[in-house]
Amino acid sequence: MDVKKDKKAWYYRYKYYIITGICIFALIIYAVNTLVGPQRSRIDRDLIETAEVINGSFLEYVDVEGIVYPFKTVKVNTMEAGFVDNVIAEDGAILNEGDTILILKNPDLVRMISDEEDEYQRQQRLLREQEIEISQKSLTLQQQTLDVNFEMNQLEDKRRIAQEEFNMGMKSRAEFDLAEREYNYHRNKAQLQRRNLIHDSTTTMLRRELLQVDLERVRTKRDRALERKENLIVRAPISGQLSFLTVSTGEQVQSGANIGEIKMMNNFKLHVLLNEYYVDRISVGLQGNITSLGEQFPMLVSRVVPEIRNRNFEVDLVFTDGQPENLRVGKSYRVQIELGQSEQAIIIPNGDFHTATNGKWIYKIIDGGRAIKSPIVLGRKNPNQFEVISGLQPGDQIIVNGYDQFNNKDEIILQ
């Protein structure tokens, strides 16, 4: 006999179609969620570096490499032309100011000095001869004046006696007039003699002054010639180390030729090249420092050359309170130049996030295990920190390094 079968529900008959439809719907939902919803990436915590946003003291400075240079370098030039007769100091020698570097030989200069010396001796002899002649002439004039004065005294007595004899009637008027005329003649002659002596004294003084001037001129020429001879010895202008000596024995050099330089080795400076971005912010007087063997040494910007070359400009810094004992010319140090005073600000550490996001956003950690994109506005920076203008608050946790793994995802799941 036939067994009656129970009629199955409709969904049993269409179960495969229903299952297929559910799968297709789930795939659509997943695709839509993948395309439209936030993109996520799972990253191991050990592969990233996180930091906390803080409110602290922010100091804007630039960190750059500086090269040690001597504080002062002086060129050594020859003041006279000649042949190098003897090189006394070798390249690299430590010299004191005035030490001999080399000796030049110039026969023409030696002959000129000999001629000047001869001329000086000749002028001295001429002066002595003129002095003797002047003295003799003065003595002669003085003798003549003395004779005239003696004659005048005699004529004065003779005239007085003639006056008395004329008054007594012992002499005629003619004899008295003759004595009077003789007296007046010799009186005028004596006056002329005195004026001549005065004039001779003035002339003598003038001649002596002129002769002395001539002698002084010749002596000056002689002394200058001797100074030029002294210049054949090239000496160190300052104490320091001789460098770049470019001449050798027997070589001819011209007047004013540069033969080397001396570097002052008891004090140093640091020379740095800064990017043109800082040219308007660096000025003489800004503070800086270097660190050597764990000790910090303060410095001061002493010179700024604002001319831009290859997008850089030059800056020199000098030590203000001691300097490292191991300084060597050519050695490099990291120099920090302060661009202002420290101020309170919201601060985050530097990291590769700035390169990856151009400083426009950062991953902020929320709920302990997720990090999401957060837009930020950054302000000033130094080599270690950034100032945050907006977008973060003190206490926020952020990811600062590891951005090359995130592929610009919207959300990071930290495992």
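Predicted model only: the values in this text are computed from it and were never measured.

What the protein contains, in helices and strands, is 5 helices and 24 strands. Here the protein, with 415 residues, has 32% of them falling under the buried criterion. A separation of at least 24 residues holds for 76% of the contacts in the protein among residues at least 6 apart in sequence. If you sum the accessible surface of the protein, you get close to 26,600 Å²; carbon and sulfur atoms cover 51% of it.

Okay, the environment of Gln-393 next. Position of Gln-393 relative to the elements: it lies in the loop between strand E22 (385-390) and strand E23 (397-401). Separated by 46 residues in sequence, Gln-393 and Ile-347 have C-alpha atoms that sit 9.3 Å apart.

Across the two faces of strand E17 (residues 332-338) the burial differs, with Tyr-333, Val-335 and Ile-337 buried and Ser-332, Arg-334, Gln-336 and Glu-338 not buried at all. With 7 bridges joining them, strand E4 (residues 61-70) and E17 adopt antiparallel strand pairing. In the strand pairing of E17, Gly-66 is matched with Tyr-333.

Bringing the sheet that holds strand E13 (residues 268-275) into the picture now. Whenever strands of a sheet pair, they do so through backbone hydrogen bonds, lying parallel or antiparallel. Pairing in this closed barrel of 6 strands is antiparallel, and the strands run E4-E13-E16-E15-E14-E17 around the ring. Averaged over all pairs of adjacent strands, the angle between strand axes in this sheet comes to 40°, irrespective of strand direction. Inspection of the sheet shows E13 paired to strand E16 (residues 312-319) by 7 bridges, in the antiparallel sense. Residue pairing for E16: Leu-274 is matched across the bridge by Phe-313.

With that settled, the discussion passes to the sheet that holds strand E3 (residues 54-58). Taking strand neighbours across the sheet as the criterion, the 4 strands line up as E3-E18-E22-E21 in an open arrangement whose pairing is antiparallel. The sheet terminates laterally at E3 and strand E21 (377-381), the two strands that pair on one side only. Strand-to-strand, the axes of this sheet are offset by a mean angle of 60°, without reference to chain direction. As paired strands, strand E18 (residues 343-349) and E22 are joined by 3 bridges and run antiparallel to one another. Of the residues in E22, the one forming a bridge with Ile-348 is Phe-386.

Where a protein is soluble and globular, its nonpolar side chains tend to be buried together. Membership of the largest hydrophobic core comes to 24 residues, with the highest contact counts inside it found for Ile-348, Phe-353 and Ile-399. Mapped by element, the contributors of at least two residues to this core are E18, strand E19 (361-366), E22, E23 and strand E24 (411-414). Per-element tally for this core: the top contributor is E19, with 4 residues.

Moving on, we get to the layout of surface pockets. Space inside the largest pocket adds up to approximately 200 Å³. Here the lining of the largest pocket takes 4 residues from E21, the largest share from any one element. Grouping the amino acids of the lining of the largest pocket by side-chain chemistry returns 6 nonpolar, 4 polar and 5 charged.

We now examine the pairing of strand E8 (residues 100-105). Successive side chains on a regular strand alternate, one facing one side of the sheet and the next facing the other. Across 4 bridges, the pairing between strand E6 (residues 82-87) and E8 is antiparallel. When the bridges of E8 are listed, Val-87 appears paired with Leu-102. The pairing of E8 with strand E9 (residues 233-235) spans 3 bridges and is antiparallel. Residue pairing for E9: Thr-100 is matched across the bridge by Arg-235.

Below, the discussion takes up the confidence of the model for the protein. When pLDDT is averaged along the protein, the result is 80; 82% of the residues meet or exceed 70. Here helix H1 (residues 10-13) stands out as the least confident element of the protein, with mean pLDDT 54; E16 is the most confident, with 93. Taken as a whole, residues 1-5 scores under 50 in pLDDT and shows 0 contacts with residues more than four places along the chain or in a different chain.

Below, the discussion takes up the pattern of salt bridges. Going through the model one piece at a time under the given rule, you end up with 17 salt bridges. Two residues, Arg-222 and Glu-117, come together in a salt bridge whose shortest N-O distance is 3.2 Å. You can see Arg-222 sitting in helix H4 (residues 173-230) and its partner Glu-117 sitting in helix H3 (residues 107-168), a full 105 residues away along the chain. Arg-219 is the partner of Glu-216 in a salt bridge, and the nearest nitrogen-oxygen pair spans 2.1 Å. On the criterion of helical spacing, the pair formed by Glu-216 and Arg-219 is a turn pair, its members being 3 residues apart in helix H4. Judged by its relative accessible area of 28%, Arg-219 falls in the partly exposed class. Through salt bridges with shared partners, a single ionic network connects Lys-269, Arg-303, Glu-314 and Asp-316.

Right, let's talk about the environment of Arg-45 for a bit. Structurally, Arg-45 can be placed in the loop between strand E1 (40-43) and strand E2 (49-52). Every residue in contact with Arg-45, bar those within four places of it in the chain, is listed here: Gly-368, Gly-369, Leu-414 and Gln-415.

So, about unusual backbone geometry. Of note in this structure, Leu-293 is not a glycine but carries a positive phi near 55°. Here Leu-293 is to be found in the loop between strand E14 (287-292) and strand E15 (295-309). Not every positive phi belongs to a glycine, and Arg-311 is a case in point at roughly 65°. The topology assignment puts Arg-311 in the loop between E15 and E16.

This part takes up the environment of Gln-341. Looking at the secondary structure, you find Gln-341 in the loop between E17 and E18. A relative accessible area of 67% means that Gln-341 is categorised as exposed. Along the primary structure Gln-341 and Phe-58 are separated by 283 residues, whereas in three dimensions their C-alpha atoms are 8.6 Å apart. With sequence-adjacent residues up to four places away left out, Gln-341 is seen in contact with Phe-58 and Leu-59.

What counts and how
Residues numbered from 1 in each chain as written. Predicted model: local features only at pLDDT ≥ 70, side-chain atom pairs only at ≥ 80, totals over all residues. Heavy atoms only, no water. Helix = DSSP H or I, 4+ residues; strand = E, 2+ residues; numbered from the N terminus. Buried < 20%, exposed > 50% of the residue type's maximum accessible area, 1.4 Å probe, protein only. Contact = heavy atoms within 4.5 Å. Areas by Shrake-Rupley, 256 points an atom, 1.4 Å probe, with all protein chains shown as cover. Pairing = 2+ DSSP bridges. Axes fitted to C-alpha atoms, helices over the stretch in contact; angles between N-to-C directions. Core = buried A, V, L, I, M, F, W, Y, C linked by side-chain atoms within 4.5 Å. 1 Å grid on protein atoms, 1.4 Å probe; cavity = no way out; pocket = protein on both sides within 12 Å on 5 of 7 lines; lining within 4 Å. Points joined across faces, edges and corners; volume = space filled by probe spheres on them. Nonpolar A, V, L, I, M, F, W, Y, C, P; charged D, E, K, R; others polar. pLDDT = per-residue confidence, 0-100. Salt bridge = Lys/Arg side-chain N within 4 Å of Asp/Glu carboxyl O.

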